[in-house]
Amino acid sequence: MVHVARRLRRVIRQGIFEVTADQCFDEVIEQCAATPRPEQGGTWILPEMISAYKRLHALGYAHSIECWRSEVLVGGLYGVGIGGCFFAESMYSHVDNASKIALTALARQCQRWGIVVIDCQMNTAHLARMGAQTAPRETFLKLVENAVLLTCHSGRWRLDEDILADV
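Keep in mind the model is a prediction, meaning the values are calculated, not measured.

J.: Just checking my understanding: could you explain the nonpolar core for this structure?
T.: Residues Ile65 and Ile101 are the most contacted members of the largest nonpolar core, which totals 32 residues. Among the secondary structure elements, those contributing two or more residues to this core are helix H1 (6-14), strand S1 (17-21), strand S2 (62-69), strand S3 (72-82), strand S4 (85-93) and helix H4 (98-113). Counting residues per element, this core draws most heavily on H4, which supplies nine residues. Look past the residues within four positions of isoleucine 101 in its chain and what remains in contact with it is Leu8, Val11, Ile12, Phe17, Val19, Cys67 and Leu164. If you look at the next biggest cluster of nonpolar residues, it comprises 15 residues, including Phe25, Ala33, Trp68 and Tyr92.

In structure tokens:
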């Protein structure tokens, strides 16, 4: 379950952001690749990877969550959904809270669909504050092994309209 801090709850309730899924996957992955990350020396999202993820998106496996303000894309994340797992690859934000709101919407929608694992891959303070937990490798592998066998939401994603209504 995602932890939503009080301040973030207030921002969500203001209704200044809109969140969508799979509306502009290409832009999200390209923004993730282009957004500077001070703690990293560059991007791992190379042109060949972008091309591969775009193909996965066309096949219904890779998905994006987009965060908009005043009809401008200001943040988002992308990853791959397999069975009961979502393997988050990268996120970005050009305004405060945009990536947090995208992650909140993703976590809440995954819970509704029965997706039981969101793999964040990187253990950051930002993700830990939102409830991410690390697991020993053996535990994680067993969890994923079981979760990928689940039949959950597949194909193109669309978020429930009320996904952030009761935050």
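J.: Where do I start with the sheet that holds S3 in this structure?
T.: Sheet strands pair by backbone hydrogen bonding; their relative direction is either parallel or antiparallel. Read from one edge of the open sheet, five strands run S1-S2-S3-S4-S5, paired in mixed fashion. The strands lining the two open edges of the sheet, one partner per strand, are S1 and strand S5 (117-119). The sheet shows a mean angle of 25 degrees between the axes of neighbouring strands, direction not considered. For S2 and S3, the ladder comprises eight bridges, and the chain directions are antiparallel.

Quick notes on the rules
- Residues numbered from 1 in each chain as written.
- Predicted model: local features only at pLDDT ≥ 70, side-chain atom pairs only at ≥ 80, totals over all residues.
- Heavy atoms only, no water.
- Core = buried A, V, L, I, M, F, W, Y, C linked by side-chain atoms within 4.5 Å.
- Buried < 20%, exposed > 50% of the residue type's maximum accessible area, 1.4 Å probe, protein only.
- Helix = DSSP H or I, 4+ residues; strand = E, 2+ residues; numbered from the N terminus.
- Contact = heavy atoms within 4.5 Å.
- Pairing = 2+ DSSP bridges.
- Axes fitted to C-alpha atoms, helices over the stretch in contact; angles between N-to-C directions.

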